[in-house]
Amino acid sequence: MAFEAEERPDRPIAKFESMLKTDDVYFFDAEDFEDIIHHYLNNGKMSLAKKAIKIGLTQHPSTIELKLLEVEVHVFENNLELAESMLDSLQTIDSNNEEIYIQRANIFSKKDDHNKAIQLLEKALTLSDDSIDIHSLLGMEHLFMDNFEEAKKHFIQCVLFDEHDYASLYNIIYCFDFLEDFDGAIVFLNDYLEKNPYCEVAWHQLGKQYIEKGMYKEAIAAFDFAIISDDSFVGAYFEKGKILEKLKRYNEAIENYEITIEIEDPSAFAYLRIGKCHEKIGNTELARLFYYKTVHEDPLLDKGWLAITSFYIKQKDYVKAKEYITKAINIEEENLFYWVKSALIHEALGLVEDAEVAYQKMVDLGDCELKTWLNWSTLVIKKGDLHSAIQILQQALEFYPNNADILYKIAGSHMALNQTIKTKEYLVKALSVNTKKVATFKLDFPQFKNNTWINNIIIEYSNSSK
C-alpha cells in the first residue's frame, strides 16, 4: 500500500545506519525492519530501503510483511511481472492479507486498469481493520476515472478519520469544484469548520468557494478567519487582495500583497498585482517600478512582460514598449501573446515589415482569430502589396468561409489590381452574405466609392434581394 509513516522511535534507524558504517551485523526484530524500511521509503532513500529489505529477509526469511515491502518497491520501480509473481506465492501462504490485494491494485493502476484496481481495493477493504489508507487509494483510483462523486465519498472517509488530512481535504474540494457544486462545498466546509474552527486551510477553501458564487463579502470574511487562524498564511492574503482589487479597493489590496512580501521572499506575482493596483489609482511611477520588479524577480513570467509592455502602450511610448516586448520574445519566442503586442507596437511605429513578421508568427503559433487575419491584410493592403493581401485573405477564408468582411476585402484588393471578373465574383458573394457591410467596404477602399459599375452591382443586388 502507500508508504506509511513510521510510528516507532528513531533508535532502530540510528542503530541500522551505524551497522552499515561499521560493517558489523546487528540483530533487529521484524517490526524494527518494517519501521526502518518505511522511514527510507518515506524519505525517498530507495537504495537504503532495499538494503534494509535484503538484510531483514536474511534475518527473518519467512516474514510476509517484509516480503510485501519488497513487492512494494518492485511495484514502485515498475518491475510489475516480478511483483505479480511474488504476490502469487504470498497469496498461497496468506490469502486474506489485505496488503496483497492493495499491491495487486497498485499494479493494475500502473497498467491503467483502474476498474480492476478498484475491485481489488474494495476486496482489501473487507479484509482490513485499518481502512483509511485504502479509502485514500480508492479515492485516487476514482479520480483517475473522473468518478468525482465516488472519489469524494472515499476522501470524506479519510477526513472523518483524520481531520488534519489536508491532502484528502483538498481532494474533496477538487471534486466539488469539478462537479461545479459550489453550494455543496460550502455546506461541507462549514460543517468541517464547526468541528475545526481554527483550520486555516478550510477557511481558505471556503473563501474560494464564495468567490465562485460571487459572494465577495463572505469570501473576505473567510480569508480573514484563515488569517486569524494563521497570520502567516500567504494564500489567504493573496486571495483577499484579489477580491479587494475586484471591488476597486486598491489601497487595501496593496496592503495585503505587501504583507505576503513581508512573510515570504518577494514574489513576481505580488509585485505584478501591486503594480496593477498602482496603475489603476493613477500612481504611474509606482506602477512602473513594480512592473520592473516583476520582470526582474521572474523573467519567465509572461504576465510581467505583458504588463510592462501594455503600460508603455497606454502611455503611447511605443519605443519603450518595443524594447520590452523584444526582451520578452528573446526569452520566450513561442509565446503568442508577445507577438500580438509586437504586431500592435510595430504597426504603431510604422515598422510594417516587423509587424508583418509578428502577424505571420501569430498565425504559425495557432492564432486563427478573424481580427488577426483582417488586421494583417489591412496592413499589407496599406503597404500596397495586394497579391500578398489576397493570399492572406484566402487563408482566412479557410477558417471563415462565408465571412463578409473577408469577401469585401478580397473584392477590393482585386479591384485595386484591375481584376474586374474576380472583383465582381467576390463582391457578389459578399453582398449575398451581408449587404449592410458594403459601407465598410467603401471606407476600406474609398477610391472606389464613386465607381459607377461597382455601385451598379451594389444597387442591382440590393434590388434583387428585396
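First, a word on scope: everything that follows refers to the structure included in this document. (Residues numbered from 1 in each chain as written. Predicted model: local features only at pLDDT ≥ 70, side-chain atom pairs only at ≥ 80, totals over all residues. Heavy atoms only, no water.)

## A short note on the layout of surface pockets
Step number 1: In this structure, the second largest pocket encloses a volume near 220 Å³.
Step number 2: The wall of the second largest pocket is formed by 13 residues, among which Val340, Met362, Asp367, Lys371 and Thr372 lie closest to the centre.
Step number 3: Contributing elements (two or more residues each) for the lining of the second largest pocket: α20 (336–348), α21 (352–364) and α22 (370–383).
Step number 4: The leading source of residues in the lining of the second largest pocket is α20, at six residues.
Step number 5: Residue composition of the lining of the second largest pocket, grouped by class: seven nonpolar, two polar and four charged. (1 Å grid on protein atoms, 1.4 Å probe; cavity = no way out; pocket = protein on both sides within 12 Å on 5 of 7 lines; lining within 4 Å. Points joined across faces, edges and corners; volume = space filled by probe spheres on them. Helix = DSSP H or I, 4+ residues; strand = E, 2+ residues; numbered from the N terminus. Nonpolar A, V, L, I, M, F, W, Y, C, P; charged D, E, K, R; others polar.)

## Considering helix α18 (residues 302–314)
For the α-helix, the turn length of 3.6 residues means that residues three or four positions removed from each other point alike.
Step number 1: Here α18 is 13 residues long and its end C-alpha atoms lie 18 Å apart, about the 18 Å a rise of 1.5 Å per residue gives.
Step number 2: With 10 of 13 residues buried, α18 is to be regarded as a mostly interior element.
Step number 3: What α18 keeps buried is the set Gly304, Trp305, Leu306, Ala307, Ile308, Thr309, Ser310, Phe311, Tyr312 and Ile313.
Step number 4: Against α16 (268–280), α17 (284–297), α19 (318–331) and α20 lie the buried residues of α18. (Expected span 1.5 Å × (residues − 1). Buried < 20%, exposed > 50% of the residue type's maximum accessible area, 1.4 Å probe, protein only. Contact = heavy atoms within 4.5 Å.)

## Comments concerning the nonpolar core
Step number 1: Of all hydrophobic cores here, the largest spans 58 residues; its most connected members are Tyr408 and Leu427.
Step number 2: Dropping the residues within four chain positions of it, Tyr408 is found in contact with Leu427, Ala430, Leu431, Asn434, Thr435, Lys437, Val438, Phe441 and Phe445.
Step number 3: Listed in part, the 45 residues of the second largest apolar core include Ala151, Cys199, Leu206 and Ile220. (Core = buried A, V, L, I, M, F, W, Y, C linked by side-chain atoms within 4.5 Å.)

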